[in-house]
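Residue-level listing of the chains:
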Amino acid sequence: MSTTVPEDVVLVRVYGNKTDLLIDRKAETRNIQMLHSHGFAPCLYAIFRNGLAYEYVPGVTLTSETVAEPQVWSLIARHMADMHKIQIDCGSDDQPMLWGKVQQFLDILPETYSDSRIDERVKANFLPIRQFKDEFAALYKHLAALNSPIVFCHNDLLLGNVIYEKSTDRITFIDYEYAGQNFQAFDIGNHFTEFAGVDVIDYRHYPSKEFQLKWLRSYLEVYLGPEKCVTERDVNVLYVQTNKFALASHFLWTVWALIQAEHSTIDFDFVTFAQTRYNEYKARKDTFLALTYE
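Remember, it's a predicted structure, so these values are computed and weren't measured experimentally. (Residues numbered from 1 in each chain as written. Predicted model: local features only at pLDDT ≥ 70, side-chain atom pairs only at ≥ 80, totals over all residues. Heavy atoms only, no water.)

Take empty space enclosed by the protein next. Summed over all chains, the structure comprises one cavity of 30 Å³ or more. Volume-wise, the largest cavity comes out at about 60 Å³. Lining the largest cavity are R13, I32, P42, L52, Y54, D175 and Y176. Taken together, the residues of the lining of the largest cavity sort by class into five nonpolar, no polar and two charged. (1 Å grid on protein atoms, 1.4 Å probe; cavity = no way out; pocket = protein on both sides within 12 Å on 5 of 7 lines; lining within 4 Å. Points joined across faces, edges and corners; volume = space filled by probe spheres on them. Nonpolar A, V, L, I, M, F, W, Y, C, P; charged D, E, K, R; others polar.)

This brings us to helix α7 (residues 209-223). Here α7 contains 15 residues, and its C-alpha end-to-end distance of 20 Å stays within 8% of the 21 Å for a straight helix at 1.5 Å per residue. Three or more residues of α7 are buried, namely F211, Q212, W215, L216, S218, Y219, L220 and V222. Of the surrounding secondary structure, the elements contacted by the buried residues of α7 are α2 (70-84), α6 (184-193) and α8 (232-263). Backbone geometry just after α7 places G225 at a positive phi near 90°. (Helix = DSSP H or I, 4+ residues; strand = E, 2+ residues; numbered from the N terminus. Expected span 1.5 Å × (residues − 1). Buried < 20%, exposed > 50% of the residue type's maximum accessible area, 1.4 Å probe, protein only. Contact = heavy atoms within 4.5 Å.)

Take the pairing of strand β2 (residues 44-48) next. Alignment of β2 against strand β3 (residues 51-55), held across four bridges, turns out to be antiparallel. Residue pairing across strands places I47 opposite L52, the latter belonging to β3. The antiparallel pairing of β2 with β3 creates a hairpin that spans two residues between the two strands. (Pairing = 2+ DSSP bridges.)

With that settled, consider the sheet that holds strand β7 (residues 170-173). Here we have three strands laid out as an open sheet, ordered β4-β6-β7, and antiparallel in their pairing. Of all strands in the sheet, those with a lone pairing partner are β4 (60-61) and β7, marking the two edges. As judged from the two bridges shared by β4 and strand β6 (residues 162-165), these two strands associate in the antiparallel manner. Note that in β6 the partner of T61 across the bridge is I163. Along the sheet, α2 contacts β6 and β7; its crossing angle with β7, the most-contacted strand, is approximately 50°. (Axes fitted to C-alpha atoms, helices over the stretch in contact; angles between N-to-C directions.)

Each strand in a sheet pairs with another by means of backbone hydrogen bonds, the pair being arranged parallel or else antiparallel. Spatially, three strands are ordered β1-β3-β2 in an open sheet, and the strand pairing comes out antiparallel. Every interior strand has two partners, whereas the edge strands, β1 (10-14) and β2, have only one. Across the sheet, the axes of successive neighbouring strands diverge by a mean angle of 15°, strand direction being ignored.

Quick look at the structure:
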């Protein structure tokens, strides 16, 4: 079977129903153009009312198995570190996006769902909105005190947003819908939660401490640069921060999915996805919040 890539391939992405509630499309366009200028995003060819056209990137998306392969994860770690080192002019708006984005989502979370079956499922399995807000406020207070550096983050590095081209041994990140200034440890922790998979989610794939320490050391060697020796303390601090911020990832995508359950026209069970993320948040919360620097 031929693996030749056709020339002049253009990808066209059409936005989903009501996704403008969740995503700042003007910011997305700016992000893609800025990141392309730094070599981190495909070329954006055209923008239209409900979508965009951009450069095709050859390669394959990842699976729970391939993302943990040494030749792949080390490329991702170094590529993310390079992206986090990009210096951008944010003007006066240099605050991490996490608080504002979750608050935005919580504010548009439906009190009642138009589908009574979905409404019953949500009310039976999730906190009322007021308690959701209080839960996140307490979590955010804990996370903000960790002093994780504020860097330019992808914020959505699920397996389908990482392209690996074996012939050139190259990693490319795609889909910068949620990119922006954020806590360094959120971007890493969010990526680690995505090791569980997409179609079938299995959190037994969440990386072990041994794996994470190797990944984080590889990341820090690039992020801190050759002039600084990466210490065990450096790695352990980032390990603690990363796993605590993984809780924020679960919370963010739980609320995101609950909004999608009302508005999306995709044939997908968003309530079950939300329940899966929320259950993992609750299961890991006490353990991760209790982590301390060694």
